[in-house]
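One letter stands for each residue in the lines below.
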Amino acid sequence: QVQLVESGGGWMQAGDSLRLSCAASGGTFSNYVMGWFRQAPGKEREFVAGINWSGSTTSYTDLVKGRFTISRDNAKNTVYLQMNSLKPEDTAVYYCAARRSLVVRGRTQDYHYWGQGTQVTVSS
């Protein structure tokens with residue numbers, strides 16, 4: 001059983017930068033694809049970014065390409081989401097998720113473990 005704990009959320013201004021972290025425990029971290037999802041009020045949870053076990057493959061929703069960067073440190077069992085040029089539409093609860101696979105996918109149903117989420121609010 002993998003436990004995921006997100007941190008780093010907060011209240012930001014448009015144009016600011018923020019880095020989210022997700023610490024994993026209870027499993028062999030490098031065995032998992034890691035993903036970041038987000039859910040805004042009244043909307044479905046959506047894929048933001050994913051990264052394979054080595055970091056050699058990443059995937060992003062078009063909404064954040066060029067602004068967000070996902071990375072991981074397997075020695076620290078941690079995955080990160082660097083968010084630059086934040087926009088009000090980035091406001092959401094951000095969730096970290098783990099997938100028992102070598103292949104990055106973007107569907108919520110493809111991920112087996114989830115964190116509790118961290119709130120990111122971006123004001124204009």
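Everything discussed here concerns the structure shown above.
Keep in mind that what you see is a predicted model, and the values were worked out from it rather than measured.

Rules used in this analysis
Residues numbered from 1 in each chain as written. Predicted model: local features only at pLDDT ≥ 70, side-chain atom pairs only at ≥ 80, totals over all residues. Heavy atoms only, no water. Phe/Tyr/Trp six-rings, centres within 6.5 Å; stacked < 30°, edge-to-face > 60°. Helix = DSSP H or I, 4+ residues; strand = E, 2+ residues; numbered from the N terminus. Buried < 20%, exposed > 50% of the residue type's maximum accessible area, 1.4 Å probe, protein only. Salt bridge = Lys/Arg side-chain N within 4 Å of Asp/Glu carboxyl O. Pairing = 2+ DSSP bridges. Axes fitted to C-alpha atoms, helices over the stretch in contact; angles between N-to-C directions. Patch = residues over 30% accessible without salt bridge, like charges linked within 9 Å, V, L, I, M, F, W, Y side chains within 5 Å. Areas by Shrake-Rupley, 256 points an atom, 1.4 Å probe, with all protein chains shown as cover.

Digging into the packing of aromatic side chains
Part 1 of the reasoning: The full count for this structure, using the stated rule, is five aromatic pairs.
Part 2 of the reasoning: A ring pair is formed by Phe 37 and Phe 47, whose centres lie 5.5 Å apart and whose planes are at 75 degrees; its orientation type is edge-to-face. Of this pair, Phe 37 sits in strand S4 (residues 33-39) while Phe 47 sits in strand S5 (residues 46-51), and the two are ten residues apart along the sequence. One exposure class covers both Phe 37 and Phe 47, and it is buried.
Part 3 of the reasoning: What links up through ring pairs into an aromatic cluster is the set Phe 37, Phe 47, Tyr 111 and Trp 114.

Some details on the pattern of salt bridges
Part 1 of the reasoning: Under the criterion given, the structure shown has five salt bridges.
Part 2 of the reasoning: Arg 38 serves as the salt-bridge partner of Asp 90, at 2.9 Å between the closest nitrogen and oxygen. Taken as a pair, Asp 90 in the loop between strand S8 (78-83) and strand S9 (92-99) and Arg 38 in strand S4 lie far apart in primary sequence, 52 residues in all. This pair shows no difference in class: Asp 90 is buried, exactly as Arg 38 is.
Part 3 of the reasoning: The partner of Arg 107 in a salt bridge is Asp 110, with the nearest N and O atoms 2.9 Å apart.
Part 4 of the reasoning: According to the relative accessible area criterion, Arg 107 is partly exposed, its value standing at 47%.
Part 5 of the reasoning: Among the residues examined, Asp 110 registers a relative accessible area of 10% and is labelled buried.
Part 6 of the reasoning: One network of salt bridges, in which partners are shared, links Arg 38, Glu 46, Arg 67 and Asp 90.

Quick notes on the sheet that holds strand S7 (residues 68-73)
Part 1 of the reasoning: Taken together, four strands build an open sheet; the order of strands is S1-S3-S8-S7 and the sheet is antiparallel. A single partner strand is all that each edge strand has here, and the edge strands are strand S1 (3-7) and S7. Ignoring strand direction, the axes of neighbouring strands in this sheet form an average angle of 15 degrees.
Part 2 of the reasoning: In this structure, S7 lies alongside S8, joined through six bridges in antiparallel fashion. Among the inter-strand pairings, Ser 71 is bridged to a residue of S8, identified as Tyr 80.

Some thoughts on a nonpolar patch on the surface
Part 1 of the reasoning: Taken together, the side chains of Trp 53, Leu 102 and Val 103 define a hydrophobic patch exposed on the protein surface, amounting to about 310 Å² of accessible area.
Part 2 of the reasoning: Structurally, the position occupied by Leu 102 is in the loop between S9 and strand S10 (113-114).

Focus: the pairing of S5
Part 1 of the reasoning: For S5, the buried fraction is high: five of the six residues fall into the buried class.
Part 2 of the reasoning: Bridge analysis of S4 against S5 gives five bridges, and the strand direction is antiparallel. In the sheet register, Met 34 faces S5, and the bridge partner there is Ile 51.
Part 3 of the reasoning: Direction of pairing for S5 relative to strand S6 (residues 58-60): antiparallel, over a ladder of three bridges.

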